[in-house]
Amino acid sequence: MSAVAETFRNQLFIGNEWRAAASGRTMPVVNPATEDVLSEVAAADAGDVDAAVRAARACFESDAWRSMPARRRGAFLAKAADLLEARRDEFARIETLQNGKTFFESKIEISLTIDTLRYYAGWADKIAGDTVPVDPRFFVYTLREPIGVVGAIVPWNFPLNIASWKFAPALAAGCTVVLKPASETPLTALAFGEIALEAGFPPGAFNVISGSGSVAGGALVRHPEVDKIAFTGSTEVGREIMRVAAESNKRLTLELGGKSPNIIFADADVEAATRGAMTGIFYSKGEVCAAGSRLLVEKSVHGAVVESLAERAKKLTTGDPLDKGTRLGAVVSKKQQETVLGYIETGRREGARLVAGGNPATWNGRGYYVEATVFDQVSPEMTIAREEIFGPVLAVMSFEGEAGAVDLGNRTIYGLAAGIWTRDIARAHRVARALRAGTVWINNYNNYDAAASFGGVKASGFGRDLGREALDGYLDTKTVWVGLT
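A brief report on the enclosed structure follows.

Details of the packing of helix α9 (residues 270–282) against helix α10 (residues 299–314)
Thought 1: Running from amino to carboxyl end, α9 crosses α10 at an angle of 50°, the nearest separation of the two axes being 10 Å. One way to sum up the angle between α9 and α10 is to call them oblique. Judged by the sense of rotation from one axis to the other, the crossing of α9 with α10 is right-handed. Here Val 270, Glu 271, Thr 274, Arg 275, Ala 277, Met 278 and Phe 282 of α9 come into contact with α10, specifically with Val 301, Val 305, Ser 308, Leu 309, Arg 312 and Ala 313.
Thought 2: Taken together, the residues that form the contact of α9 with α10 break down as eight nonpolar, two polar and three charged.

Set out below in structure tokens:
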């Protein structure tokens, strides 16, 4: 593999300083579209994690951040948003280079990150307690106080955006943060250290440590001075984090896996629903926690929907993710490509009917691409209907009647999201209530806003990112009794 003649931030960002890993170790960041090494970044170990946590703890205990006037704290977040907006295309390009998604998708991601920063900047001075009516001999009130040092561990699919779901509300609440980006995609998180510096964040308020999940991530979860872990990733890793965090009673927010049902009723606008199904599974190469990877279609329109999906999927062109004509980028790594292709082979072996895609692809003979893939005649027991694939693979099933749709939709261990397509508004609300999911989209799919909370139930985790609800995960409530006699 050849080196790429671009430079990126590749050192740890601790206490507003750039530093190499104490061991001197580095790890490669690979462009999945070309297989070139973009950069060698510092690979943090437990000692580096300890340095970052100590910087965050010192900042928190010094009152440099948590006791700052709340409106001023919000102004820092707003300044960071402005600085990121001025560099939006630069950050989007880095995201595309390290993740493989199209530049068009990366620009959306960075724009959503800017919105998240601005949203929580506005919340910083609106966090308030209550007065509590009790015995008149006492005046009782509550205070909402930051919980302390937050360890944020984020995945590779939306590297900076999901990171902002953690660090923006945490910082608005007055917490300090140690961010551990995925080892495949650390470059935008490290570059955000430049934003934090220029915005004037006090040393230790925001820190970034690159490294492997098992070493750096594990050390962050185990560290006794970390008060909370905010994690997005697989259910398997989330369960391990729960086990380790229990030893020190850490708070947790876990946004985990999904196998989300996207339901098309016969009375839907089938054209719009089919477009929505395409977005639901093929946006960002299917590397989306809430991807509508199970498409449930009412029997009477099933054939027409599958035929349209197959035609559309075959037109999704792979290629240079920076080219505006490319519609399907590279999956994030060779390992992920092998995983996705393994699921496709399992689908074939278990008897699902392949109607589109199913093959690896390349750009100029290189890259970790997978064709947009559609399977029909999938049964709920098949592996591709049960397990999260995290790639551009759609499993289509049919149902009869509303009860059948709900039963099939809920036949999963996961509960992150769901979609409903129907012209019957009463049915839409009934089914939305009946589905076990943290988010339900009606006649749309894959829409997000900083003001709308997001998170799962069942094996998809607990706690919420985004919205007002996210702030609760970074705040303690203190009750104060004042004697009046």
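Describing the pattern of salt bridges
Thought 1: Evaluated as defined, the whole model comprises 35 salt bridges.
Thought 2: A salt bridge links Arg 54 to Asp 50; its shortest N-O distance comes to 2.8 Å. Of the two residues, Arg 54 and Asp 50 are both situated in helix α1 (residues 46–61); the distance of four residues between them amounts to about one turn of the helix.
Thought 3: Given a relative accessible area of 55%, Arg 54 falls into the exposed group.
Thought 4: In the salt-bridge network here, residues are joined through shared partners; they are Arg 57, Glu 61, Asp 63, Arg 66, Glu 225 and Asp 227.

What about unusual backbone geometry?
Thought 1: Phi is positive for Glu 35, close to 70°, though the residue is something other than glycine.
Thought 2: Relative to the elements of secondary structure, Glu 35 occurs in the loop between β3 (26–30) and β4 (37–42).
Thought 3: Residue Glu 35 is classed as partly exposed on the basis of its relative accessible area of 21%.
Thought 4: Phi is positive for Asn 249, which is not a glycine, with a value near 55°.
Thought 5: Tracing the sequence through the fold places Asn 249 in the loop between α8 (235–245) and β11 (251–255).
Thought 6: Look at Asn 249 and you get exposed, because its relative accessible area is 70%.

What to know about the packing of aromatic side chains
Thought 1: Tallied over the full model, the rule gives 17 aromatic pairs.
Thought 2: A ring pair is formed by Trp 165 and Tyr 448, whose centres lie 6.3 Å apart and whose planes are at 40°; its orientation type is tilted. Taken together, the residues span a long stretch of sequence, with Trp 165 in helix α5 (residues 159–173) and Tyr 448 in the loop between β20 (439–442) and β21 (461–462) at a distance of 283 residues.
Thought 3: Grouped by ring-pair contacts, the aromatic residues Trp 165, Trp 441, Tyr 445, Tyr 448 and Phe 454 constitute a single cluster.
Thought 4: The ring centre of Phe 60 lies 4.4 Å from the NZ or CZ of Arg 66, which sits over that ring.

So, the pairing of strand β13 (residues 294–298)
Thought 1: By the criterion of burial, β13 is predominantly enclosed, with five of the five residues buried.
Thought 2: Every second residue of β13 is oriented toward a common face, with Arg 294, Leu 296 and Glu 298 on one face and Leu 295 and Val 297 on the other, all of them buried.
Thought 3: The sheet contact formed by strand β12 (residues 261–264) and β13 spans four bridges and is parallel. Following the sheet pairing, Ile 264 is matched in β13 by Val 297.
Thought 4: Looking at chain direction, β13 and strand β18 (residues 393–399) are connected through five bridges and run parallel. Paired with Leu 296 across the strands is Met 397, a residue of β18.

Quick notes on the rules
Residues numbered from 1 in each chain as written. Predicted model: local features only at pLDDT ≥ 70, side-chain atom pairs only at ≥ 80, totals over all residues. Heavy atoms only, no water. Axes fitted to C-alpha atoms, helices over the stretch in contact; angles between N-to-C directions. Helix = DSSP H or I, 4+ residues; strand = E, 2+ residues; numbered from the N terminus. Parallel < 35°, antiparallel > 145°, perpendicular 65-115°, else oblique. Left-handed = near helix turned anticlockwise from the far one by under 90°. Contact = heavy atoms within 4.5 Å. Nonpolar A, V, L, I, M, F, W, Y, C, P; charged D, E, K, R; others polar. Salt bridge = Lys/Arg side-chain N within 4 Å of Asp/Glu carboxyl O. Buried < 20%, exposed > 50% of the residue type's maximum accessible area, 1.4 Å probe, protein only. Phe/Tyr/Trp six-rings, centres within 6.5 Å; stacked < 30°, edge-to-face > 60°. Lys NZ or Arg CZ within 6 Å of the ring centre and 35° of its normal. Pairing = 2+ DSSP bridges.

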